[in-house]
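Fold and contact review
Spelled out, the chains give:
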Number of protein chains: 2
Amino acid sequence: MTEEKPVVAFLGPKASYTHQATLDSFPGCQYTLSPQITIEDVFASVQDNTASRGVVPFENSTNGSVVFTLDLFADLNARYPDILVCGEAYISVSHCLLGRHTEALSRSTHQLPSIIESPTSSGAATPTANIPNPGIPRTKPTQEIGHIKKLYSHPQAWGQCKSFLSTYLKGVERQDVSSTSRAAELVAADETGTSAAISSIIAAKIHNLDILARGIEDRSDNTTRFFIIKRASPPSSLSSSHPQTTAPSSSAESKNGKEKPWKSLISFTVHHSNPGALAHCLAVFEPFKLNLTSINTRPSGVAPWNYIFFVEIDGRREEGGEGAVNAALQDLAKVSRGWRWLGSWESRLK
Amino acid sequence: MTEEKPVVAFLGPKASYTHQATLDSFPGCQYTLSPQITIEDVFASVQDNTASRGVVPFENSTNGSVVFTLDLFADLNARYPDILVCGEAYISVSHCLLGRHTEALSRSTHQLPSIIESPTSSGAATPTANIPNPGIPRTKPTQEIGHIKKLYSHPQAWGQCKSFLSTYLKGVERQDVSSTSRAAELVAADETGTSAAISSIIAAKIHNLDILARGIEDRSDNTTRFFIIKRASPPSSLSSSHPQTTAPSSSAESKNGKEKPWKSLISFTVHHSNPGALAHCLAVFEPFKLNLTSINTRPSGVAPWNYIFFVEIDGRREEGGEGAVNAALQDLAKVSRGWRWLGSWESRLK
């Protein structure tokens, strides 16, 4: 019997952080990895069964939710009704400033001392026990960067490197591009040598760029969380034993839902004219001891100032309508305008 | 006695949507309006008393919260401890595509029919009662736009014009700039005539640009909500009778807090290790009949996957520690890790 490798779609290009997250969960030898241009392309590939699984960024620990992904789960145009989260992955994200230090530019080092002066004496804010170095970058350029006139990166990266950028590259023109890898590609193609990319160390190697600064993110524990998505009726091509993609077979342990760290994502809308509607929806999980771990909000598309809410809870929805999550969802149905279970998966947070 | 006009700082430049919101609340003849380059500059002007009031965008009805503003209220670096919301304003936002139709380009109208063909037959999604035209733009270009190779706008505008852009300008390079007015300025300076801006009709007049399409936003009710901010200890230069900036004098009516439509903004953090911590914090408002109207979440800056939550409630915090909001805040103090009252103001939502 010829067995085709299952296809996994991910937000590309190759060497992107999403690619790293994909390799973490789906070893390249067992899967056909298919880079996509946009997050929506990943959703579409899974919805139309072109791919068995998809990998998309969901939130960054420094810069918050990826609203593009939330909006695809909100699915206001009813294009992705069968998409479910079935796993997650965490990737440490460390950014570099990549560009060129031409010989001519590196010789003019008389500019260097003033430019890479330590900013710890700026006195912009009072240090406290909780915030020992408010707004001060953790690192400084290792090369002269006075020649940089333009920056390229993914929009999320600006928010993760605020302190470095406001200290060393304040006022420099920024251009958003679709990925940090694409940013490096554009800088490599710029013959003037006056542009720089916020990108990964891997991209520096691929595109043969100089590293002008390393670890420029505001926090050393900067991490991006990715979701693995599947269709609600999964194709048979993925092994059911893959821990990140399929629920374990029913057992006494997993039935309880508390022994294993599982999470579920649920969206709901409320009758905004009913006072207390939102509070009532948020209260349905408490009686079942389902810990509410996060909340996100996006416009509902129904009318201005109407929202769709996303909650994550500790717990797993079981087949057959049993268990605490199903019971809470039955209560949610009574008090919400509409709701949707968007999947349950095993936590991989250490 | 010489009386200086109070200074009101706002996110500029002139003719920006924030400028319109500012004029709505602060007539130019009575105030000195001071445009700022960034939202943070507005916060800083109010914090250091350079300005008596500030006006900043808070959320858009189509594209959601302005995270830059939320992060300034989160104030992780303790720079803006005295900022309070004291009012709000709503401005209808209608975007145009602005550029140049050169004579040479406008003569080559053989391209026109295929480009501005109605997209209603695309069949990309099934229309439903709730979503009669899923993802279909409300308008089409009034001029040939095949020559447009680059787009400039503010990041929020892309998310408000998704359908138009994906139908008529798919794949065209986009550059983020600090405001829609700045976008129009850059397009006016581009001598090739191949760039376009998503900007306002006012900017078309100021920069003498052609309107290539009108009303390109996804929803006709597209509205941005602005907050008016002040310092916790207000300077004496603003009249206490200004309805948008100061609470009314204590009276039987306002003491109750239910007769007048007031709102309050509150932020809090939770002990993430305590199961139920978030649910307990959200539950404190219900016993006092304080309707929870919206929730926002941002990274707390303490550790990855720790959040700061923002809630808006119906109700007003009264001086002297009385009233329902004060009572709820006392309960919030018992169950949260930390909390902050960020102001109460009169609703201006119609």
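So, a few notes on the structure that sits alongside this text.

Cut-offs used in this document
- All chains use their own residue numbering, which begins from 1 and follows the written sequence.
- Starting at A for chains and at 1 for ligands, labels are handed out in the order in which the entities are written.
- Local features in this predicted model are restricted to residues whose pLDDT is 70 or higher, and side-chain atom pairs enter the listing and the counts only when it is 80 or higher, whereas totals over whole chains, interfaces and linings include all residues.
- Hydrogens are left out, water is left out, and the side-chain values use all remaining heavy atoms of the structure.
- To get an axis, a line is fitted to the C-alpha atoms, and for a helix only the part in contact is used. The angle between two axes follows their N-to-C directions and goes from 0 to 180 degrees.
- Numbering of helices and strands runs from the N terminus; a helix is a DSSP stretch of H or I covering at least four residues, while a strand is a stretch of E covering at least two.
- In a left-handed crossing the near helix is turned counterclockwise from the far helix by less than a right angle, and in a right-handed crossing that turn is clockwise.
- Throughout, a contact is declared for two residues whenever any of their heavy atoms are within 4.5 Å.
- Polarity classes work like this: nonpolar for Ala, Val, Leu, Ile, Met, Phe, Trp, Tyr, Cys and Pro, charged for Asp, Glu, Lys and Arg, and polar for all others, with Gly in that last group.
- Each of two parts loses accessible area, computed with a 1.4 Å probe, when they are put together; buried area is these two losses added.
- The salt bridge criterion pairs a side-chain nitrogen of Lys or Arg with a carboxyl oxygen of Asp or Glu, the two atoms within 4 Å.
- Think of a polar contact as two N or O atoms within 3.5 Å of one another; within protein, one of them needs to be a possible hydrogen donor and the other a possible acceptor, and neighboring residues in sequence only count if both atoms come from side chains.
- When the copies are overlaid, the least-squares fit takes in C-alpha atoms only where the residue has pLDDT of at least 70 in both copies.
- Type-normalised accessible area, obtained with a 1.4 Å probe on protein chains alone, sets the label of each residue: buried when under 20%, exposed when over 50%, and partly exposed for intermediate values.
- Throughout, the arc means the angular range of directions from the helix axis out to the C-beta atoms.
- Classification of ring pairs rests on two measures: the distance between centres of Phe, Tyr or Trp rings, Trp counted by its six-membered ring, which must be within 6.5 Å, and the angle between planes, read as stacked under 30 degrees, edge-to-face over 60 and tilted in between.
- In this analysis the charged atom, NZ for Lys or CZ for Arg, is taken to sit over a ring once it is within 6 Å of the ring centre and within 35 degrees of the ring normal.
- DSSP-based pairing: two strands are paired if at least 2 bridges between them are found.

**Some points on the packing of helix α2 (residues 39–47) of chain B against helix α3 (residues 67–74) of chain B**
Residue and element names in this part refer to chain B. Running from amino to carboxyl end, α2 crosses α3 at an angle of 35°, the nearest separation of the two axes being 9 Å. Crossing of α2 over α3 shows right-handed handedness. Across from Ile39, Glu40 and Phe43 in α2, the residues of α3 making contact are Phe68, Thr69, Leu72 and Phe73. Its residues assigned to classes, the contact of α2 with α3 comprises five nonpolar, one polar and one charged.

**Some details on the interface of chain A and chain B**
Taken residue by residue, the interface counts 53 residues in chain A and 53 residues in chain B. Both sides of the chain A and chain B interface together cover about 4100 Å² of buried area, and 52% of this is carbon and sulfur. Taken together, chain A and chain B are joined by two salt bridges. The partner of Asp71(A) in a salt bridge is Lys162(B), and the shortest N-O contact between them spans 3.4 Å. At the surface where chain A touches chain B, the tally comes to 18 residue pairs in polar contact (both at pLDDT 80 or more). Broken down by secondary-structure element, the contributors of at least two residues to the side of chain A that touches chain B are β3 (53–60), β8 (173–176), β11 (223–231), α11 (277–283), β13 (292–299) and β14 (307–314) of chain A. The biggest single contributor to the side of chain A that touches chain B is β13(A), with seven residues. When its residues are assigned to classes, the side of chain A that touches chain B shows 21 nonpolar, 19 polar and 13 charged.

**Topic: the relation of the copies chain A and chain B**
In the superposition of chain A on chain B (RMSD 0.0 Å, axial shift 0.0 Å), the rotation amounts to 180°. Expressed as an axis order, the relation between the two copies is that of a two-fold axis. When C-alpha distances to the rotation axis are compared across chain A, the minimum falls at Gln175(A), with a value of 2.9 Å. A high fraction, 100%, of the interface residues of chain A reappear at the interface in chain B, so the copies pair face to face through one surface.

**Digging into helix α12 (residues 323–335) of chain A**
Residues and elements named next belong to chain A. Every buried residue belonging to α12 is among Val325, Asn326, Ala328, Leu329 and Leu332, and all of these are buried. All buried residues of α12 fall inside an arc of 160° around its axis, so they share one side. More than 90 degrees from the buried face of α12, the exposed residues found are Gln330 and Lys334. In this structure, the buried side of α12 is in contact with β12 (262–269), α11, β14 and β15 (338–346).

**Observations concerning the packing of aromatic side chains**
The full count for this structure, using the stated rule, is 22 aromatic pairs over all chains. Judged by centre distance (6.4 Å) and plane angle (75°), the rings of Phe58(B) and Phe73(B) are edge-to-face. Of this pair, Phe58(B) sits in strand β3 (residues 53–60) while Phe73(B) is found in helix α3, placing the two residues 15 residues apart along the sequence. Across the pair, Phe73(B) and Phe58(B) agree in class, each one buried. These aromatic residues form a ring-pair network of at least three members: Phe43(A), Phe58(A), Phe73(A), Tyr80(A), Phe227(A) and Trp345(A). We note Arg316(A) situated over the ring of Trp262(A); from NZ or CZ to the ring centre the distance is 4.8 Å.

**Overview of the side chain of Thr22(B)**
All names here are of chain B. Tracing the sequence through the fold places threonine 22 in helix α1 (residues 17–25). A polar side-chain atom of threonine 22 sits 2.6 Å from the main-chain carbonyl oxygen of threonine 18. Setting aside its immediate chain neighbours within four residues, threonine 22 contacts Val8, Phe10, Leu33 and Val55.

**Focus on the sheet that holds strand β7 (residues 150–153) of chain B**
All names here are of chain B. If you trace the five strands from one edge of the open sheet to the other, you get β8-β7-β9-β6-β10, paired in mixed fashion. At either end of the open sheet lies a strand with only one pairing partner, and these are β8 (173–176) and β10 (210–213). Adjacent strand axes in the sheet meet at a mean angle of 35°, parallel and antiparallel pairs treated alike. Inspection of the sheet shows β7 paired to β8 by four bridges, in the parallel sense. Bridge assignment links serine 153 to a residue of β8, and that residue is aspartate 176. Docked against the sheet, helix α8 (residues 180–189) engages β6 (96–99), β7 and β9 (195–199), running at close to 160° with respect to β9.

**A few points about the sheet that holds strand β6 (residues 96–99) of chain A**
Residues and elements named next belong to chain A. In space, the five strands of this open sheet follow the order β8-β7-β9-β6-β10, with mixed pairing throughout. Looking at the sheet topology across the chains shown, the edges are occupied by β8 and β10 (210–213). Across this sheet, the average inter-strand angle for adjacent strands is 35°, counted without regard to direction. Across three bridges, the pairing between strand β7 (residues 150–153) and strand β9 (residues 195–199) is parallel. Bridge pairing links lysine 150 to serine 195 in β9. The sheet contacts of helix α8 (residues 180–189) involve β6, β7 and β9, and relative to β9 the element is tilted by about 160°.

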